[in-house]
Amino acid sequence: VKAAVLHGPEDLRVQDVPEPDGEVIVTVQAATTCGTDVKMWRHGHPALQPYPCRFGHETAGVRVDTGERVLVSDSVACGACDPCRAGRAQICRDPTWVLGGFAERIAAPAGALHPIPGERPCTRSRAAATRPTSPCSAAVRWG
Amino acid sequence: LIDGTALFLRELTVTASYSAGPGDMRRALDLISSGRIDPLPLVSHRFALDETGRALELQRRGEALKAVVVP
């Protein structure tokens, strides 16, 4: 499959990579860019795997196994740390990151997937933009 | 910049938000799919996968607010 791969700071190459291997394979329909992607591209990031590595964490697509449209979360919380046990998974201390949305396909844990209801108005671009919307929703919840 | 005096006098609350848990994702999806919130105006550019680097360059320069990469 084709994927955007970081080989070092500011060294991004779109290239063929092996088929992703993981719990669920998702065909990417849309992946939005985020300020964090810019940081990852320019300087690297603690959440990245060692180079060469894939990135992109605001992803919407279709499950290969069921054909269901899904939103791919950027991470799965550990469920065991203090924030998780306090019901604040959004600040989990030890999340499993799900990166690699800038690609034709991505592998993700089932726990990272959220079914996208209906076709409209939840188009692929809107669905991918759920990730930047969700912290706002979280802020409203906690505020 | 946040006006500390205004915060104090009006007893305002500032809430920071780092990320989102599964429940927040579902709530955000509900808001979008029900049409109550439309994030599409945030999307300023669309690119093919081959142009991911260009998408990030525009975002870095502040020319793109949100770019969508469509593989």
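In what follows, the structure referred to is the one given above.
These remarks concern the structure in this document. None of the values given here were measured: they were computed from a predicted structure. (Residues numbered from 1 in each chain as written. Chains lettered and ligands numbered in written order. Predicted model: local features only at pLDDT ≥ 70, side-chain atom pairs only at ≥ 80, totals over all residues. Heavy atoms only, no water.)

### A short note on the overall build of chain B
Let me state the cut-off plainly: Put simply, DSSP H or I for four residues or longer makes a helix, DSSP E for two residues or longer makes a strand, and each gets a number counted from the N terminus. Throughout, exposure labels follow a simple rule: accessible area from a 1.4 Å probe, protein chains only, divided by the maximum for the residue type, with under 20% read as buried, over 50% as exposed, and the rest as partly exposed. In this description, contact between two residues means that some pair of their heavy atoms is separated by no more than 4.5 Å.
The helix and strand tally for chain B stands at three helices and two strands. Along the chain direction, N to C, the helices and strands of chain B fall in the order α-α-β-α-β. Dimensions of chain B, computed from the C-alpha atoms along their principal axes, are close to 50 × 30 × 20 Å. In chain B, buried positions account for 35% of the 71 residues. The contacts in chain B between residues at least 6 apart in sequence include a share of 5% that link residues at least 24 apart.

### So, the packing of aromatic side chains
Residue and element names in this part refer to chain A. To keep things clear, this is the line we draw: Here a pair means two rings of Phe, Tyr or Trp (six-membered ring of Trp) with centres within 6.5 Å. Their orientation is stacked below 30 degrees between planes, edge-to-face above 60, and tilted elsewhere.
Tallied over the full model, the rule gives one aromatic pair over all chains. Both rings, one in Phe-55 and one in Phe-102, keep their centres 5.1 Å apart while their planes meet at 70°; by these two values the pair is edge-to-face. One end of the pair, Phe-55, is in the loop between β4 (53-54) and β5 (59-63); the other, Phe-102, is in the loop between β8 (96-97) and β9 (105-108), and 47 residues separate them in sequence. Of the residues examined, Phe-102 reaches a relative accessible area of 0% and is grouped as buried.

### What about the state of the cysteines?
Note the threshold: Cysteine sulfur atoms are paired as a disulfide whenever they come within 2.5 Å of each other.
Tallied over the entire structure, the rule returns zero disulfides over all chains. A:Cys84 forms no disulfide, and the closest cysteine sulfur to it belongs to A:Cys81, at a distance of 3.7 Å.

### Notes on the pairing of strand β2 (residues 11-16) of chain A
Residues and elements named next belong to chain A. The condition is simple: For two strands to be treated as a pair, DSSP must find no fewer than two bridges joining them.
For strand β1 (residues 2-8) and β2, the ladder comprises six bridges, and the chain directions are antiparallel. Looking at β2, one finds that Ala-3 is bridged to Gln-15. What sits between the antiparallel neighbours β1 and β2 is a turn of two residues, in which Glu-10 has the positive phi angle 60°.

### Quick word on helix α2 (residues 22-33) of chain B
Residues and elements named next belong to chain B. The condition is simple: An expected span of 1.5 Å times one less than the residue number is assigned to each helix.
With 12 residues, α2 should reach 16 Å at 1.5 Å per residue; the first-to-last C-alpha distance of 16 Å fits that figure. Within α2, the full set of buried residues consists of Asp-24, Met-25, Ala-28, Leu-29, Leu-31, Ile-32 and Ser-33. Positive backbone phi, approximately 85°, marks Gly-35, located one or two places after α2.

### Details of the environment of B:Ile32
Residues and elements named next belong to chain B. Tracing the backbone shows Ile-32 in helix α2. Given the relative accessible area of 0%, Ile-32 is considered buried. Taking the C-alpha atoms as reference, Ile-32 lies 32 Å from Arg-10; in sequence the two are 22 residues apart.

### Examining the pattern of salt bridges
To keep things clear, this is the line we draw: Each salt bridge in this description consists of a side-chain nitrogen of Lys or Arg and a carboxyl oxygen of Asp or Glu lying within 4 Å of one another.
Tallied over the entire structure, the rule returns 13 salt bridges over all chains. Two residues, A:Arg13 and A:Asp11, come together in a salt bridge whose shortest N-O distance is 2.8 Å. For A:Arg13, a relative accessible area of 40% corresponds to the partly exposed category. Residue class for A:Asp11 comes out partly exposed when judged on its relative accessible area of 26%. Beyond isolated ion pairs, a larger network of salt bridges with shared partners links B:Glu57, B:Arg60, B:Arg61 and B:Glu63.

### Brief notes about the nonpolar core
Put simply, the rule is: The criterion is simple. A nonpolar core is a set of buried Ala, Val, Leu, Ile, Met, Phe, Trp, Tyr and Cys residues joined through side-chain atoms within 4.5 Å.
Core analysis: the largest hydrophobic core is formed by 31 residues, its most contacted members being A:Leu6 and A:Phe55. When contributions to this core are tallied by element, the ones reaching two or more residues are β1, β3 (24-32), α1 (35-43), β6 (69-72) and β9 of chain A together with α3 (52-60) and β2 (66-70) of chain B. Ranked by residues supplied to this core, first place goes to β3(A) with four residues. Excluding residues that lie within four positions of it along the chain, A:Phe55 makes contacts with A:Ala4, A:Leu6, A:Leu12, A:Asp37, A:Met40, A:Leu48, A:Leu99, A:Gly100, A:Gly101, A:Phe102 and B:Leu56. By size, the runner-up hydrophobic cluster in this structure holds 14 residues, among which are A:Ala60, A:Cys122, B:Met25 and B:Val70.

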